[in-house]
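The residues making up each chain are set out below.
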Amino acid sequence: MGHTFFAYQYGMVDVERVVQRVLDFLEKEDMIRRQDKLLIATQFGERVSMLYIDPLSAVVIRDGIKSIATGGPTALSLLHLICHTPDMRLLYLRQNDYSDIELFYLDHGDELLTHIPDSHREPEKFEVLLAELKTAQMVQMWMDEVREDDIHEQFGVGAGDIRRTADTAEWLLYAAHELASLFKARLALTPLRKLHERVRHGV
């Protein structure tokens with residue numbers, strides 16, 4: 001690490017601080033464990049590395065699937081969960097989107113598996129939540145076989161954006177299924193497998 005360009009720019013003190021912060025996070029989230037001077041990957045850490053997702057995405061997904069209550073998740077629950085990860089590029093909120101998305105949130109907020117920020121005390125975080133819901137809505141419409149022109153008209157995105165978002169959703173749903181299997185989150189396994197196939201084929 002001392003021979004990286006980052007170290008050349010900022011010096012070893014900053015490098016050590018960044019590396020230590022990362023290691024502390026990975027250890028706290030049970031992705032690595034220390035054995036004397038060795039750092040050893042846990043099963044969770046190995047799986048996250050093989051899935052090639054952001055460790056923070058893995059934590060979001062793990063915590064979300066572990067919070068699933070009896071009755072199982074809805075499609076929106078799981079679509080929003082993957083949209084809540086840093087690996088998903090969110091759709092931009094236009095001025096005329098807010099009222100519709102806020103109404104959608106009021107109808108479906110109780111399905112979400114993540115922390116819901118207070119719209120008055122944390123307005124910026126709440127706006128991100130609305131962007132996540134908009135992105136999840138678009139993936140849902142893709143799965144429901146809505147015409148591309150109609151998706152474009154409602155969300156203001158082109159065919160390339162639709163395909164990119166669907167591809168990312170497919171990847172993250174596969175990763176979520178693998179993590180659900182690792183943590184034996186049985187209520188999530190079948191819904192995630194079905195969603196993955198639906199997003200993959202747009203059906």
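Scroll up for the structure.
Residues numbered from 1 in each chain as written. Predicted model: local features only at pLDDT ≥ 70, side-chain atom pairs only at ≥ 80, totals over all residues. Heavy atoms only, no water.

Another point: the packing of aromatic side chains. All told, the structure shown has 4 aromatic pairs when counted by the stated rule. Taking 4.9 Å as the distance between ring centres and 40° as the angle between the ring planes, the aromatic pair formed by phenylalanine 6 and tyrosine 10 counts as tilted. Within this pair, phenylalanine 6 and its partner tyrosine 10 are both found in helix H1 (residues 5–10), separated by 4 residues, close to a single helical turn. For phenylalanine 6, a relative accessible area of 36% corresponds to the partly exposed category. (Phe/Tyr/Trp six-rings, centres within 6.5 Å; stacked < 30°, edge-to-face > 60°. Helix = DSSP H or I, 4+ residues; strand = E, 2+ residues; numbered from the N terminus. Buried < 20%, exposed > 50% of the residue type's maximum accessible area, 1.4 Å probe, protein only.)

The next thing to look at is a nonpolar patch on the surface. A cluster of nonpolar side chains, Phe6, Tyr10, Val18 and Val22, forms an exposed patch at the surface whose accessible area comes to about 340 Å². For valine 22, a relative accessible area of 43% corresponds to the partly exposed category. (Patch = residues over 30% accessible without salt bridge, like charges linked within 9 Å, V, L, I, M, F, W, Y side chains within 5 Å. Areas by Shrake-Rupley, 256 points an atom, 1.4 Å probe, with all protein chains shown as cover. Salt bridge = Lys/Arg side-chain N within 4 Å of Asp/Glu carboxyl O.)

Among the structural elements, leucine 78 can be located in helix H5 (residues 75–83). Taking the C-alpha atoms as reference points, leucine 78 and valine 139, 61 residues apart in sequence, are found 11 Å from one another. Not counting chain neighbours up to four residues away, the residues in contact with leucine 78 comprise Ile68, Pro73, Leu113, Pro191, Leu192 and Leu195. (Contact = heavy atoms within 4.5 Å.)

For the coordinates displayed, the defined rule picks out 18 salt bridges. With a closest N to O distance of 3.7 Å, arginine 34 and aspartate 24 form a salt bridge. Pair noted here: arginine 34 is in strand E1 (residues 32–35) and aspartate 24 is in helix H2 (residues 12–28), with a separation of 10 residues, a long-range link. Judged by its relative accessible area of 38%, arginine 34 is partly exposed. Note on aspartate 24: relative accessible area 39%, which makes it partly exposed. In this structure, lysine 134 and aspartate 97 form a salt bridge, with 2.6 Å as the shortest nitrogen-oxygen distance. Taken together, the positions of lysine 134 in helix H7 (residues 123–143) and aspartate 97 in the loop between H5 and helix H6 (98–108) put the pair 37 residues apart, joining distant regions of the chain. Lysine 134 sits in the buried class, given a relative accessible area of 1%. Overall, aspartate 97 belongs to the buried group, its relative accessible area being 8%.

Another aspect to go through is the packing of H5 against helix H10 (residues 186–201). It is the contact of H5 with H10, at a shortest axis distance of 10 Å, that shows an interaxial angle of 75°. Comparing the axis directions of H5 and H10 gives the class roughly perpendicular. Residues Ala75, Leu78 and Leu79 of H5 touch H10, and the partners they reach there are Pro191, Leu192 and Leu195. (Axes fitted to C-alpha atoms, helices over the stretch in contact; angles between N-to-C directions. Parallel < 35°, antiparallel > 145°, perpendicular 65-115°, else oblique.)

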